[in-house]
Amino acid sequence: QVHVVESGGGLVQPGGSLRLSCAASGFTFSNYVMSSWYRQAPGKERELVASITSTGRSTNYANSVKDRFTISRDNAKNTVYLQMNSLKPEDTAVYYCKVSLRHGIYWGQGTQVTVSS
């Protein structure tokens, strides 16, 4: 059974940083395609923040987070990270990790990020 667990959220002041982690288990690496971070703010639709392929060679970012967020992965740990710098109040949302495998897509439960003074 595939498990996806996010961690690292919290309350941070504007201009601060956080690093989110997404640990996945229950599958073999050969089935792995891509990992993505999404976020959903109150009253808004869930949106793609960043994605990274299984090899880590290709990444993609939403325009709103380019040059502030960095997605990376540690395949030995089956973990994907989202380093978030220069955080803004509009980054406040629940952040979700999505793991795309050859046989299905799996989501974590989400981690809350609140940017406020």
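Parameters at a glance
Residues numbered from 1 in each chain as written. Predicted model: local features only at pLDDT ≥ 70, side-chain atom pairs only at ≥ 80, totals over all residues. Heavy atoms only, no water. Helix = DSSP H or I, 4+ residues; strand = E, 2+ residues; numbered from the N terminus. Rg over C-alpha atoms; globule rule 2.2 N^0.38 Å. Buried < 20%, exposed > 50% of the residue type's maximum accessible area, 1.4 Å probe, protein only. Lys, Arg positive; Asp, Glu negative; His and termini not counted. Charge placed at Lys NZ, Arg CZ, Asp CG, Glu CD. Contact = heavy atoms within 4.5 Å. Core = buried A, V, L, I, M, F, W, Y, C linked by side-chain atoms within 4.5 Å. Salt bridge = Lys/Arg side-chain N within 4 Å of Asp/Glu carboxyl O. Polar contact = N/O pair within 3.5 Å; in protein donor to acceptor, adjacent residues only side chain to side chain.

**Examining the overall build of the protein chain**
Assigned secondary structure in the protein chain consists of zero helices and 11 strands. For the protein chain, the α and β elements follow one another from N to C terminus as β-β-β-β-β-β-β-β-β-β-β. What you see for the protein chain is a C-alpha radius of gyration of 14 Å, in line with the 13 Å of a compact globule of 117 residues. Viewed in the frame of its principal axes, the protein chain has a C-alpha envelope of about 45 × 25 × 25 Å. Relative to its 117 residues, the protein chain shows a buried fraction of 44%. Averaged over its 12 positive side-chain charges, the protein chain has a centre that lies 6 Å from the centre of its 7 negative ones.

**Considering the side chain of Thr-53**
Relative to the helices and strands, Thr-53 resides in strand β5 (residues 47–53). Thr-53 has contacts with Val-33, Met-34, Ser-58 and Arg-73, leaving out every residue within four places of it along the chain.

**Topic: the nonpolar core**
The biggest cluster of nonpolar side chains holds 30 residues, and the ones touching the most others in it are Trp-37, Leu-82, Met-84, Tyr-95 and Val-99. When residues of this core are traced back to their parent elements, those giving at least two are β3 (18–25), β4 (32–40), β5, β7 (69–74), β8 (79–84), β9 (93–101) and β11 (111–115). With five residues, the top contributor of residues to this core is β9.

**Comments concerning the pattern of salt bridges**
Under the definition given, this model contains three salt bridges. Here Arg-39 makes a salt bridge to Asp-91, at a shortest N to O gap of 2.9 Å. On the criterion of sequence distance, the pair formed by Arg-39 in strand β4 and Asp-91 in the loop between β8 and β9 is long-range, its members being 52 residues apart. Looking at Arg-39, the relative accessible area reads 6%, which means it is buried. Counted as one network, the salt bridges with shared partners bring together Arg-39, Glu-47, Arg-68 and Asp-91.

**Regarding the environment of Ser-17**
Along the chain, Ser-17 falls in the loop between β2 (10–12) and β3. With a relative accessible area of 40%, Ser-17 lands in the partly exposed category. Taking the C-alpha atoms as reference points, Ser-17 and Ser-86, separated by 69 residues in sequence, lie 6.2 Å from one another. Leaving out residues up to four positions away in the same chain, Ser-17 has contacts with Val-12, Gln-83, Met-84, Asn-85, Ser-86 and Leu-87. Side chain to side chain, Ser-17 and Asn-85 meet in a polar contact 2.9 Å long.

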